[in-house]
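A closer look at the structure
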Amino acid sequence: QSRRLSAWVFELLSTDSRKAAASSNAIVQLGTNAFPLLVRELSAKDGLWERLAGSKGGYGTLFPSPALRKIRACAAVKALGTNGRALGPYVTNLMVHPTPAVRLAAFQAAAAISVPDAKSLLTNAVASDPSFSIRGVAMKHLLQMGDDPGEVCDLLVTNLWNRRSSAGTLKGIAEEVN
């Protein structure tokens, strides 16, 4: 179809499920031809025009923020599945990004492409990520990778106990895993 790859990547996060599915299918069909754009987006930094314009970089702005560009690129990598494995190092770098939404997108992409060192990164996230949503997603992906549910839960509960976390925190994490 005669659309730019960036347009397909933009629509991956659409609330219109038909647009999101069409975008996902287009990216899968492009396969490795999508890599140059995805590498650029996964490594995005504010450009000169963005800094001069002082744009906040919201969803539909002319200059999307680097974080939003990274989230969209992670969604594209996730759509590629194991065919996007070569992008693993770029995704792995984002698993420690200061923005929780970027880390979340990176964990989801890493699980989809089966990043070789994903298990240790996911384990660290379960034990210590400041975002409980990310802890829940990391737990879910560890369990999907075949980890022993008892060990994953022990890791989480031990860490939360050491931090004297509330029952509400545990409930929030459990909801993310389901």
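An account of the accompanying structure is given in this report. (Residues numbered from 1 in each chain as written. Predicted model: local features only at pLDDT ≥ 70, side-chain atom pairs only at ≥ 80, totals over all residues. Heavy atoms only, no water.)

**Quick notes on the overall build of the protein**
We count it as follows: Secondary structure elements follow DSSP: runs of H or I of four or more residues count as helices, runs of E of two or more count as strands, with numbering from the N terminus. Only protein chains enter the accessibility calculation, which uses a 1.4 Å probe. A residue is then buried if its area is under 20% of the maximum for its type, exposed if over 50%, and partly exposed in between. For this analysis, residues touch if any pair of their heavy atoms sits within 4.5 Å. Accessible areas in this description were obtained via Shrake-Rupley with a 1.4 Å probe; residue shielding takes into account the shown protein chains only.
If you tally the helices and strands in the protein, you get 11 helices and zero strands. Reading the protein from its N terminus to its C terminus gives the helix and strand order α-α-α-α-α-α-α-α-α-α-α. When the 178 residues of the protein are sorted by exposure, 43% land in the buried category. The long-range fraction of contacts in the protein, counting pairs at least 24 apart against all pairs at least 6 apart in sequence, stands at 59%. As displayed, the protein offers around 9,800 Å² of accessible surface, 55% of which is attributable to carbon and sulfur atoms.

**Concerning the pattern of salt bridges**
Operational definition: By definition here, a salt bridge exists when the distance from a side-chain nitrogen of Lys or Arg to a carboxyl oxygen of Asp or Glu is within 4 Å.
The full count for this structure, using the stated rule, is five salt bridges. Residue Arg-40 is joined to Glu-41 by a salt bridge in which the shortest nitrogen-to-oxygen separation is 3.8 Å. For Glu-41, a relative accessible area of 12% gives the class buried. For the salt bridge of Asp-129 with Arg-103, the shortest nitrogen-to-oxygen distance reads 2.9 Å. Note that Asp-129 is positioned in the loop between helix H8 (118-128) and helix H9 (132-144) and Arg-103 in helix H7 (residues 100-113), a separation of 26 residues in sequence. Using a relative accessible area of 7% as the deciding quantity, one classes Arg-103 as buried.

**Digging into unusual backbone geometry**
Backbone geometry places Ser-114, a non-glycine residue, at a positive phi of 55°. Structurally, the position occupied by Ser-114 is in the loop between H7 and H8.

**Structural notes on the packing of aromatic side chains**
Put simply, the rule is: Stacked, edge-to-face and tilted are the three classes for Phe, Tyr and Trp ring pairs, Trp counted by its six-membered ring, which pair at centre distances within 6.5 Å; planes under 30 degrees apart are stacked, over 60 edge-to-face, the rest tilted. Only lysine NZ and arginine CZ atoms are considered, and such an atom sits over a ring when it is within 6 Å of the ring centre and within 35 degrees of the ring normal.
Enumeration over the complete set of coordinates arrives at zero aromatic pairs. For Arg-3, the ring lying beneath its charged end belongs to Trp-8, and the centroid distance is 4.3 Å.

**Overview of the packing of H7 against H9**
The condition that has to hold: With axes taken as lines fitted to C-alpha atoms, and helix axes fitted only over the stretch in contact, angles between N-to-C directions fall between 0 and 180 degrees. By the definition adopted for this analysis, an angle is roughly parallel if under 35 degrees, roughly antiparallel if over 145, roughly perpendicular if from 65 to 115, and oblique otherwise.
Running from N to C, H7 and H9 point in directions that differ by 5°, and their axes come no closer than 10 Å. On the basis of their axis angle, the class for H7 and H9 is roughly parallel. For the pair H7 and H9, the contacting residues are Pro-100, Arg-103, Leu-104, Phe-107, Gln-108 and Ala-111 in the first and Ile-134, Val-137 and His-141 in the second.

**Brief notes about H7**
Cut-off, in case you're wondering: Expected span of a helix: the number of residues minus one, times 1.5 Å.
Between its terminal C-alpha atoms H7 stretches 20 Å, which fits the 20 Å expected from 14 residues at 1.5 Å a residue. Tucked into the core, H7 has its buried residues touching helix H5 (66-80), helix H6 (88-94), H8 and H9. One or two positions beyond H7, positive phi appears at Ser-114, with a value near 55°.

**Focus: the side chain of Glu-11**
Structurally, the position occupied by Glu-11 is in helix H1 (residues 5-11). For Glu-11, the contacting residues outside a window of four places in its chain are Arg-3, Lys-19, Ala-20 and Ser-23.

**Some remarks on the nonpolar core**
Stated precisely, the cut-off is as follows: Definition used in this section: a nonpolar core is a set of buried Ala, Val, Leu, Ile, Met, Phe, Trp, Tyr and Cys residues joined via side-chain atoms within 4.5 Å.
Counting residues in hydrophobic clusters, the biggest one holds 42 residues, and the most contacted among them are Ile-27, Leu-38, Leu-42, Val-77 and Val-91. Among the elements that take part in this core, H5 stands out by supplying eight residues, more than any other. Contact partners of Val-91, with chain neighbours within four places excluded, come to Leu-42, Val-77, Ala-106, Ala-109, Ala-110 and Ile-113.

**Concerning the side chain of Lys-70**
The following threshold applies: Nitrogen and oxygen atoms within 3.5 Å of one another constitute a polar contact, given that in protein one can donate a hydrogen and the other can accept it, and given that sequence-neighbouring residues count only through two side-chain atoms.
As for its placement among the helices and strands, Lys-70 is situated in helix H5. A residue is classified by how much of its surface remains accessible, and Lys-70, at 11% relative accessible area, is buried. Among the polar contacts made by the side chain of Lys-70, one reaches the main-chain carbonyl oxygen of Ala-44 at a distance of 3.3 Å. Apart from the residues within four sequence positions on either side, Lys-70 is in contact with Glu-41, Leu-42, Ser-43, Ala-44, Leu-94, His-97 and Val-102.

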